[in-house]
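Tertiary structure, described
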Amino acid sequence: MLKFSIEFQPPIPPAKTLTIGTLGPSGTSSDYASSYIVQQLESEKLTGKIQLFDSFPDVKKALLQDKVDLALVPHAYHLINEFYMEPNFDLGFIFIYPTPVYGLAKKKNTEVVFKGARIVTHPAPLPLLSRLLPNSQDQSEIQVDLSPSTSDAAIQVQQGLANLAITNANAVEAYDLEFISTYGKIPMSWSIFYKKIAESHV
């Protein structure tokens, strides 16, 4: 079997606190994976803090401007190449960590009516829609709109702006929704980036 070994050695600030920037709001799969990284840092006597952003371009900008120390990006993000190809970034680590359970969620104490319904989802889990809908459901009768994150999708349902959302179990709990169908956890690979240390020229 193939075996790979990679050691995570980011630049450590004097205060030994690393701020991780990733996609929010609270309850996203990225937030969930960041909490795992914080736990790993704590085992190395470091402190980790999570800072959530509205989009991954905002995360990238924050890392460029030294507002965060690390950027956590899932490989499902369709523009992750913009992190890999950024000349000011170094790839610090790659790991696999599953997402929370994904499913189709609605507001509690509401009836599900698919015809004319508005479903919101982040682009990444959109392929799950056909598995989450009843087999008898005609998708042409449903309006599907894209959302910046799984948590944003859940919030739109909570606020009555959408009928259903493809989201994860953490967001369902955070925003007081309930699943009508579930897919399960998604095995996900992640990259951690940090900013290169500027070389001094004497």
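Relevant structure appears above.
Residues numbered from 1 in each chain as written. Predicted model: local features only at pLDDT ≥ 70, side-chain atom pairs only at ≥ 80, totals over all residues. Heavy atoms only, no water.

What about the overall build of the protein?
The criterion, for reference: Counting from the N terminus, the helices are the DSSP runs of H or I reaching at least four residues and the strands are the DSSP runs of E reaching at least two. Whether a residue is buried, partly exposed or exposed follows from its accessible area with a 1.4 Å probe, protein chains only, as a fraction of its type maximum: under 20%, in between, or over 50%, in that order. A contact between two residues is defined here by any heavy atoms of the two lying within 4.5 Å. Counting rule applied: Lys, Arg positive; Asp, Glu negative; His and chain ends not counted. Where a charge lies is defined by one atom per residue type: Lys uses NZ, Arg uses CZ, Asp uses CG and Glu uses CD.
When its secondary structure is counted, the protein shows six helices and 10 strands. A principal-axis box enclosing the C-alpha atoms of the protein has dimensions of 70 × 40 × 30 Å. A total of 202 residues make up the protein; the buried ones form 44% of that total. Taking all contacts inside the protein whose residues are at least 6 apart in sequence as the whole, residues at least 24 apart take part in 75%. Across the protein, the centroid of the 16 positively charged side chains sits 2 Å from that of the 20 negatively charged ones.

Observations regarding the pairing of strand 10 (residues 189–195)
Which entries qualify depends on this criterion: A pair of strands is labelled paired if DSSP reports no fewer than 2 bridges between them.
Burial runs high along strand 10: five of the seven residues are buried. Relative to strand 10, strand 3 (residues 70–74) runs antiparallel, the two being bridged by four bridges. By the bridge assignment, L72 is partnered in strand 10 with I192.

Focus on the environment of N135
Of note, N135 is situated in the loop between helix 4 (129–132) and strand 7 (143–146). Measuring from C-alpha to C-alpha, the distance between N135 and P74 comes to 30 Å, with 61 residues separating the pair along the chain.

None of the figures reported here should be taken as evidence of function without further support.
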